[in-house]
Every structure is written in structure tokens, then in C-alpha cells.
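Coordinate analysis (summary)
Residues per chain are reported as follows:
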Amino acid sequence: MLTPAISPKLPRELYAVLLTLLLSVGYHHGLSALGVYQNDPEEIREVARNHFNLARELRLDGQLEAADRHFSQAQQYYRQLADWSIIVSSAIYRSQINYDLDRLDSMRVILEEAQRIIDRETLSEENFKQERIYYFRALYLEKTAQYQAASKMLDRATSILTRLEKLIALDSAYLSSHKSASGSIYYERRDFEMAINHYQAALAIFPVTRPDPEKQVGIYNNLGLAMIEMGQLSQGMDYLQKSLDILPDLDPRKEYEDFLQTYFNLIRAYLLRKQLPAAQKYLNLAREILRDHPQDLHHWYSLMAQLQEQQSRLPEALSNYRASFEARKEARGADHPSVAKVQLAIGQLSHQMQDERAALRAFQRGLQIFDRQLDSTDYYAVPRLEKISDYYLLIQLLNHRGSTLKRLYPEASERILPTFRTAIRAIDSLRLLYESDASKLLLSKEAKSVFASALELLYRQYQQQQDPALLEEAFQYMEKSKALLLLENIRKWRNIRLQRSAPKDRGDRFTELLEEEKNAKLDLILLQRTIEDLQKNAGEQSGEKLDNLERELQKVYGQYQTIKSALSDSFPQYYRASYGDALAGIGQIREELLRDKGTRLVSYFIFGDQSFAMLIRPEGAVFQQLPELARWENDFKSYQKALRTQGKALLEPATYESYVHSASRLYDVLLRQLLPEDAADELRLYLIPDDILGFLAFESLLVSPPSGDQISYAPAQQDYLIEHHALAYGYSATLLLESIHRTDGPDERSDYGGFAPVFREGDVGRAISRDCTTGSLMYLPYSEKSVQETQEILEGTAYLNEQASLQNFKASADKYRILQLATHACVDEQDALFNVIYFHDTTLATYEIFDIPMRADLIILSACETGNGDLLEGEGIMSLSRGFYYAGSANIVTSLWPADDYATQTLMVQFNRYLKEGLPKDRALQRAKLDFLNAPNLRSLSAAPSFWANFILIGNQEKIELDAQRATWHWFLLPFLGVSLILALFYGLSWRK
């Protein structure tokens, strides 16, 4: 025992003063106050308290390392007193300090010890200290790129905090920090829309009564950066400007990180906007701060390199990227994903500099960070998809490595293909992690190039091997590139409706199983991460703990399998959607969609210089590479322009020749090689378009050149595809199959409900979208006639004029097998969610359609451009018709360009007449169009495809079972029944005689 330096008999007040002086001296000289006391508990408590209070003062003064030392010494003394509560409080302070100092290993040790104390001493799990420990563990996990585990830990912290808020009216600043931390987790996973939502929630509950400028700067910065990543540059810059406005209120010596974060984010924004002088200005300001705080130099090097790239100073940019790589390894550790990100940038820059082998080496070094067992010289080897913290970055590295290999070794298709297969597996894994639709759309855009490369390599291999398995794989990738978000959302809503429609006991059980499923998945992730961390930092005492965790993992896995089995037994629809084969295969297409031997399915894939088509027939499939888009894109534009031409301009030689040439050329490119023998046969075609082909009405393509020289659109001179084949379109083959399998329980619907606002003179439509202006809408007299005639044919209900209101539509949307909207529509060029369709009293926007449950077997949107909208790469056209499909209608008739009122009425009445006669939907629409074209009194101008080809069927070919069909057969049978009855009576009487 050390001899005391101060007598314990001194007055308590003087003792405290001297002790504080000694602590201060100890701080300057690295000495402990251990020698100033004996084993008197009160003296130990006094020393501990003074260490604790001094540490808090040092922390507030920005002297973080000294503060950490004094908190650590306070913990030592409190251990002698077994004062576990304040030891945990010190650990919470130390966690924040070590997080700020970027000393993550120390932070982890501190948090693990604090959690052991809480568990061992049975401190209540419902207290604020446990919440803080969970919170800082979440920050640690997020900082070390363990995003799923971080999210789970933050959920635990928030659960405690929410209860505490209700109990003791806790300051909302804590919950605001939770929302901000959650936003950061989503941001790092590149789920930017969810990140924005959480940052905005953090701002909404930020305590205005006790403002914290430092935290406010952080939220503004994060929100601005997330918006910039989403492409919302102007909104993002607004938030960065708010952050910049707060900086003068902060001390740059203490809050230098806030200055750096703001400057770095502004640099990123200005680089995206090509405002290079502004980016240089903030690079200079950041450099001044970094002279005293060099730990963040890696960011500066990387941003300077990006500036130099834009200035075409490529060698200097490469030098700065390399400096960033070395600095980032030092700051973050060699295995951190951000280090791999620098290698990605080096590889991309090397490609720009035409040094493909240097690029290949850089991409390989980046991949090694995700899998240390990957051979640095084996460029065909793929990383294991285990412990992946940043799937998006991994996908980019694999994609770029594969593309570089294709350029260097074009003959090595079979060896390169595994790189893209691994990237696609990573895409599938990342998609499961994303929660927001916007982030999934961004992923689909990135994924399209991966699918294009995989299809190119598969096509090469198939030409050599003719292996059907390669065809199946190619078709799967084509399906993954189409309307996957629509498919997921339809399945999600189907499951929700399943839950709502189930009896209460089954509905409650479904909800319970879904919650158990979610929790089991999260527990598996957290346990796996905990085991990995323990294995990485295993010590002598870790063996028993690892064994316990492994047993717990097996137990939770068993519970998860039990939950899946229960879902499979009780809710098979949900199980098939969640765990079954997610996408249709060629065999399933042949068995279920091609039951009619005269039916074919053609699926397209269009991306840059890679274009493919696959024809599926009852006897097999054909995989065809098409000419690259650049070779026929002008033909497509000419076709679009010609079909959107109206009036007498259609008869001008230039317009006519443009249409004839482009329609013939597009048939040659898209179909002639696929249907060489079948072109003249009466086939039924399913078409799955991709990219710009979603705007193409294939019916109007020309199978052969015109038979005469005069300007005429009549079928006597033009050989339209519609004359050979009945067509139906699909967002994807999987969605077509789902439309056939859809079941809605007992059918108590009527056959037909038609809505025609008509818009007589003086009626005003109210538009809510930015591009669709308010005002008088064109009178649609034939829309009224169309609905009235169809009502008589199908014995349905007509909602005309004032009755064609949005309220009536919502009330009856699930009551009819066929719904028709004969009205106006408008496409919003800025945001497809604001596309609108008009009712008599108001409008219905795309985003509002999603919430209206619909059970119609067919919705007829006889309005302008309801199939038009924004084209999103990897997902398709965001149109009004897509909204109705999402809401529950299995089949849609929609228009691709402005509709003529008279032609629409003629086509739709005849179409419904054929449906009543029992024709399948595709045949009914084909017959209606051919009747229109062959009408004896048709004006020559009206034979132009502009009038009749705009309406297409999206959905399956199946016929619709109508009450009106059964009624027709009943009337048809009555005479025979009457004759039979008379004969029976006659012979009966004769027999009795």
C-alpha cells in the first residue's frame, strides 16, 4: 500500500481543494491521485467524484483525450466502491468521446464492459443508461459498416426511450438523435429515401426550446447530402446553406468537424453541379482546418482528385486518390469499405487514362477488402458473399472488373461470367435490405448494366453450347430487369389484403407470424455479427461465450424455420410470394401461358449497345441478339413522331414516308428474325417490352412494304401486324402469370360499370398536377355514347355527367368485372405520381390510385396517354395504367398517345361486344381494330394507326366470364326448352291413352 501524501485528518473542505489541485497536476504530468488516500471509502468517493467532475469540464472544453483519462480513473475508484451505476455513466461519456476521436476499438471495449455490468448487476433494462449503451453500440456498428446490426440495436434503444419519454417527459433531443442516427444507417446502405425521412423526422422533433447548433448542423448536413445523392440538388443545397449559416455561431477549435462536414458536403454538391471555382473555394477552407486536424485528410484528397478529374488533370487526380487510399487505411483501417471505394475510383480513373491493366488491379484490390482470401492475381475468382457491409460498392467493383475483363479478354466469356453472377446475387441481397421504393429504383438502374453484361456473355456461350440451362438463366435476368418493384408491391398489397380479409382469428395469427418472422430475421443477423466480432477479437475467455452464442444462433435458426413452416401451412399465398420461386421460368411460361399452341411470348432487353429478345414457344425457346439501340433509335423516334401527328398532316408525303419506313424497319429489327415462318400465321403474341419499346404499339408495325405507291393507310395497301396476330402486353412474364392465378374469393360483381364525365360546355376540370392546367376541358360527346352503348350490351351501370364523380368511382371500384373510364387524362412531365385522370368533380392522381382496392378483371382507360409517363431504367413506364394495375386490376386497356373521341367510342363499343360474345381479350381487341379498319364508310385519314393503334391490352389473353354471356345462352335455349316441353306433354298424353 502506498503511503498517503496527505493526512486524512485535514478538514474536508481543504482536502477537497488540495485533491483537485493534485488531479490537475496529474492531468498535466500523467500522474494518478492514487497515493493521496488510504482505504477510507469516503476519501475514495471524493477522489472518484473529483476525477468525474474534472473529466466533464475537460470534455466541455474540448480536451477529449484528457477527459477520457479522468473518466477512466473515476471508473477505477468507483469499482472499489462497487458503484456500478456511475461506472456505466462514465462508460457512456467515454463512448461518446472515443466515438468523436474515432477510436472505435476502445469504444467497443468500453461498451462491452458496460453491457456486462448491466447484465451482471441486473440493472433495470428499462432505464436511461441501457438506452444510452444501446445507442452508442448502434453508432459503433454503423461506423464499422455493420448496418443491419446497427439498425437492430437502435430499435432496442428507441423502444426504451419511447417508454421513458412517456414516463418522465424526457427531452425530445434524445429521440431526435435516434432519428438522425437511423438516417445515417439508411444513408450508408444507400437507402436514401428512408434516410431523408428519418433526418426530416429528427428535425421535426428537434427541441426548439433548447437549441443545439452543433447537432442542428449535423442534421442539416446529412439531410442535404442524402437529397443530393437522390438527385434533388436544389433542395439539398438549401439544407447545406442552412448548415453554413449556423457555422458562425460555433467555435472552429472545438466544433471543427462540423465545419469540415459542411465544407466537404458543399464541395460534393458543387462538383455535381460542375461549379468548380466554388468547389475549389471550400477545398481551400477545409485545408486550413486540416492543418491542425489531419485525421480527415483522406476526404480532402479524394475530393481534390474529383475536382482534378473534371479539370482533366488526370495524373494529379490519380496521385491524390492514392494519397487518399493511404490516409484512409490509416484512419479507418485496411478492411473498411471506404478504402475499397477509393480503389474503385482509382480503377475508373485508370480506365479513363486507357490503362486497363492498372484498372483491373485496382478493382481487384477493392474486392480483396471484402474477402481477404481472394487471390490478388486471379482476376476471375469471385469473393464470398459473407460479412458484406456495403453491397452497393461490391456490385460496382464486380461490374467494373467484369467489364474490364470483357475488354481485355473477349474470348474468355465462360470465365468472366461468374463475376456478373456474383454481382447479381449481391443485387438480390441488397434489394432485400432496402425499404424505400426510391432506393430500389436507383438500384434497378445500376443493376441494368450488370444484367446487360451477363446476357451478352450468356448469349456467346449459348451460341457455342446450346445448353437450355443458359437460356433459363438469361430469361431470369431479363425478368429481373423489368417491373420488379411493381411485382413486389403487388405481392405486398396482396398479403395485406389477405390479412384484412381473413377472419379475425386468422388475421391476428397472420399479423403475429409476420412479427415473429421479422424479429427472427433480425435476431439471426445480430447474433451472426456478434459472433463475428467475438471471433475477430477472441481472447482466452472467449471460448465459452462463443459456444453459448453458437447454441443461441442454432436455437433462433430453428425458431425461424418453424415460423416459415407455419406460414407455409396457414398462409401459402404469402409463403409463395416471400420464399417460393420469385420469378417465372421458361417451363412455367410454356405450361401456363402458352396452353394455346398458337401462342408465343417475346421478351425484350434493351440497354446501350446490348439488345436481346427471347421468343418462347410451346416446343422451346429462341435467344436472339438484336442490333444495338443506336442503329434503330432514329427509326423509333420517326415512328413516334408520325403516330402523334394529327389531322391532314398525316397525308403529307414526308409524314407518310416516315411512318412507312420506320414501321417496316422496326418490324425487321424486332420481330422478323424471331417469326420467319410464323409471320403469316394467325398467332397470338404476348409481348414483354423493355425501355423505349414500352411506348411502341407493335400492332401498327408493317410486316411487308405497301402494295401501292399512293398515300393510303388502308389495309388494302398496308400489311399491319394486327392483321396477322392478336397481341397482349405484359410488364413482365411473372406479372402475366400472377394475373392468371389471382383469386378474389366469392364473385358477387356485376359485369360493367362505365364512367363518362362528358365535360359539356361550362364544365371545369380541376387539375392538381404541376403540368396539367385547370380550365375548361374539351367536350367528349362520343364518350357518353360509348358508355351508354356498352351499358346496353353488357347490361351494366352507366355513370354519366355529374354522376361520373370520384366519390362514385371509389364506392364502386370493386363492384364490377369491367370498369371503363371514358374521360380526359394528363401526363405530368416532372413527376409521374402526379399524372391525373379526370372525373366530373375533381381528378385522381397516380399516387391516389394505389389506395383504392379494385377487383376488376379489366379496366378500360379510354382517355389520352394513360399508358404514357416517365421511363425509369430497369422498371418501366410510370403511367396511370400502372397505377390501376398496382391497385388490383389484372388487365388494362390503355392508350399510348392522344385518343380521338369518335375512334375511341367505335373501338371500345365493338371490343366490349366481342367480350360479351366470349372472345378472349386479345382476340376481342384485334377484331375491334380490324372492324374499324375495314368499315366501308371509314375516311381514308382515319385508317392511319394514329386513330386505332394507340389502345393496347396489358394483361393476360384469358376471356372474361360475364353474366351477360350466360343470359344470352339462356335466351338461346328457351325455344328448344319450349319445344321439348310440348313434345314431352304430347307423348306423355299419348302414352296414358
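Because the structure is a prediction, the values reported are computed rather than measured.

Summing up its helical and strand segments, the protein chain has 37 helices and 20 strands in all. By residue count, 55% of the 993 residues in the protein chain fall in the buried class. Taking contacts inside the protein chain between residues at least 6 apart in sequence as the whole, the part at least 24 apart equals 71%. A total accessible area of about 44200 Å² is found for the protein chain, and carbon and sulfur atoms account for 50% of it.

For the protein chain, per-residue confidence averages 84 on the pLDDT scale, and 84% of positions sit at 70 or higher. Per-residue pLDDT stays below 50 along residues 25-38; that stretch engages in 36 contacts with residues further than four places along the chain or on separate chains.

Once that is clear, we can look at the pattern of salt bridges. A full pass over the atoms with the stated rule returns 34 salt bridges. Residues D251 and R253 are paired through a salt bridge, measuring 3.0 Å at the closest nitrogen-oxygen approach. For E512, the salt bridge goes to R509, with nearest N and O atoms at 2.9 Å. Of this pair, E512 and R509 both sit in helix 23 (residues 504-536), separated by 3 residues, roughly a single helical turn. E512 sits in the partly exposed class, given a relative accessible area of 40%. Residues joined in a network through salt bridges with shared partners are D68, R94 and R103.

All right, on to the environment of L60 then. Within the secondary structure, L60 sits in helix 2 (residues 41-60). Taking the C-alpha atoms as reference, L60 lies 9.1 Å from K254; in sequence the two are 194 residues apart.

Under the definition given, this model contains 30 aromatic pairs. With a centroid separation of 6.3 Å and 70 degrees between ring planes, the pair formed by F259 and Y263 is classed as edge-to-face. Within this pair, F259 and its partner Y263 are both found in helix 12 (residues 256-272), separated by 4 residues, close to a single helical turn. The burial state of F259 is the same as that of Y263; both residues are buried.

So, about the sheet that holds strand 15 (residues 843-845). Taken together, the 3 strands give an open sheet; going across it, the order is 13-14-15, and neighbouring strands pair in antiparallel fashion. Where the open sheet ends on each side, the last strands, each with one partner, are strand 13 (825-826) and strand 15. Here strand 13 pairs with strand 14 (residues 836-838) via 2 bridges, running antiparallel. Counted as the bridge partner of C826 is V836 from strand 14.

Let's shift gears to the packing of helix 34 (residues 901-916) against helix 35 (residues 921-934). The contact between helix 34 and helix 35 brings their axes to 8 Å, and the two run at 135 degrees. What the angle tells us is that helix 34 and helix 35 run oblique. Handedness of the helix 34/helix 35 crossing: right-handed. Counted together, A903, T906, L907, M908, Q910, F911, Y914 and L915 of helix 34 and K921, A924, L925, R927, A928, K929, D931 and F932 of helix 35 form the full contact between these two elements.

Let us now look at the pairing of strand 17 (residues 869-872). Here strand 17 pairs with strand 18 (residues 876-879) via 4 bridges, running antiparallel. Across the sheet, L872 pairs through a bridge with G876, a residue of strand 18. As consecutive antiparallel partners, strand 17 and strand 18 are separated by 3 residues, and within that stretch G874 has a phi angle of approximately 85 degrees, a positive value.

Let's shift gears to the nonpolar core. Judged by nonpolar contacts, the single largest core of 199 residues is most densely connected at L601, Y604, F698 and F809. The biggest single contributor to this core is helix 20 (residues 437-465), with 11 residues. For this core, the domains that each give at least three residues are domain 3 (586-729) and domain 4 (742-968). Setting aside chain neighbours within four positions, we find L601 in contact with F475, I589, L593, L594, M614, L615, I616, Y686, I688, A733 and L736.

What follows is about helix 6 (residues 128-143). The end-to-end C-alpha distance of helix 6, which contains 16 residues, comes to 23 Å, matching closely the 22 Å that a straight helix rising 1.5 Å per residue would cover. With 12 of 16 residues buried, helix 6 lies mostly within the body of the structure. Regarding helix 6, the residues found buried are Q130, E131, R132, I133, Y134, Y135, F136, A138, L139, Y140, L141 and E142. A145, located one to two residues past helix 6, shows a positive phi value of around 65 degrees.

Time to look at unusual backbone geometry. Positioned with a positive phi, A82 is a non-glycine residue whose angle comes to about 55 degrees. Positionally, A82 belongs in the loop between helix 3 (64-80) and helix 4 (84-100).

This part takes up empty space enclosed by the protein. With the rule as written, the count across this model stands at 4 cavities of 30 Å³ or more. Here the largest cavity is characterised by a volume of approximately 270 Å³. Along its surface, the largest cavity is lined by 21 residues, and P689, G694, G730, Y731 and I877 are the ones closest to its centre. Residue assignment for the lining of the largest cavity shows that the elements contributing at least two residues are strand 18 and strand 20 (951-954). Looking at the lining of the largest cavity, the element that brings in the most residues is strand 18, giving 3 residues. Looking at which domains feed residues into the lining of the largest cavity, each of domain 3 (586-729) and domain 4 (742-968) supplies at least three. Among the secondary structure elements, those contributing two or more residues to the lining of the second largest cavity are helix 7 (147-168), helix 18 (391-408) and helix 19 (413-433). Looking at the lining of the second largest cavity residue by residue, the class counts come to 6 nonpolar, 2 polar and 5 charged.

About the cut-offs
Note that residues are indexed from 1 along each chain, following the sequence as it is written. Only residues with pLDDT of 70 or above have their local features reported here, since the model is predicted, and side-chain atom pairs are shown and tallied only from 80 upward, although totals for entire chains, interfaces and linings are computed over all residues. Side-chain metrics rest on all non-hydrogen atoms present in the structure, leaving aside hydrogens and water. Each helix is a run of H or I in the DSSP string that is no shorter than four residues. Each strand is a run of E no shorter than two, and both are numbered from the N terminus. Burial here depends on accessible area, computed with a 1.4 Å probe over protein chains only, as a share of the maximum for the residue type. Under 20% is buried, over 50% is exposed, and the range in between is partly exposed. Note on contacts: a residue pair qualifies if any of its non-hydrogen atoms lie within 4.5 Å across the two residues. In short, Shrake-Rupley with a 1.4 Å probe defines the accessible areas, and a residue's cover is counted only from the protein chains shown. Values of pLDDT, which run from 0 to 100, indicate the predictor's confidence residue by residue. Whenever a carboxyl oxygen of Asp or Glu lies within 4 Å of a side-chain nitrogen of Lys or Arg, that contact is scored as a salt bridge. Note on aromatic contacts: the rings of Phe and Tyr and the six-membered ring of Trp form a pair at centre separations within 6.5 Å, being stacked when their planes are under 30 degrees apart, edge-to-face when over 60 apart, and tilted otherwise. We call two strands paired when DSSP finds no fewer than two bridges between them. Every axis corresponds to a line fitted to the C-alpha atoms, with the helix fit spanning only the stretch in contact, and the corresponding angles, defined between N-to-C directions, vary from 0 to 180 degrees. Roughly parallel means an angle under 35 degrees; roughly antiparallel, over 145; roughly perpendicular, 65 to 115; everything else is oblique. Handedness of each helix crossing follows the sense of rotation of the near helix against the far helix: counterclockwise by less than a right angle gives left-handed, clockwise gives right-handed. Take the buried residues of types Ala, Val, Leu, Ile, Met, Phe, Trp, Tyr and Cys, join any two whose side-chain atoms come within 4.5 Å, and each joined set is a nonpolar core. Residue ranges labeled as domains rest on an automatic or database domain assignment. The span one expects for a helix is its residue count, reduced by one, times 1.5 Å. We place a 1 Å grid over just the protein atoms. Points where a 1.4 Å probe fits but has no way out form a cavity, open points with protein on both sides within 12 Å along at least 5 of 7 lines form a pocket, and any residue with an atom within 4 Å of a point lines it. Grid points are joined across faces, edges and corners, and a volume is the space filled by probe spheres set on the points. Basically, the charged four are Asp, Glu, Lys and Arg, the nonpolar ten are Ala, Val, Leu, Ile, Met, Phe, Trp, Tyr, Cys and Pro, and anything else, Gly included, counts as polar.

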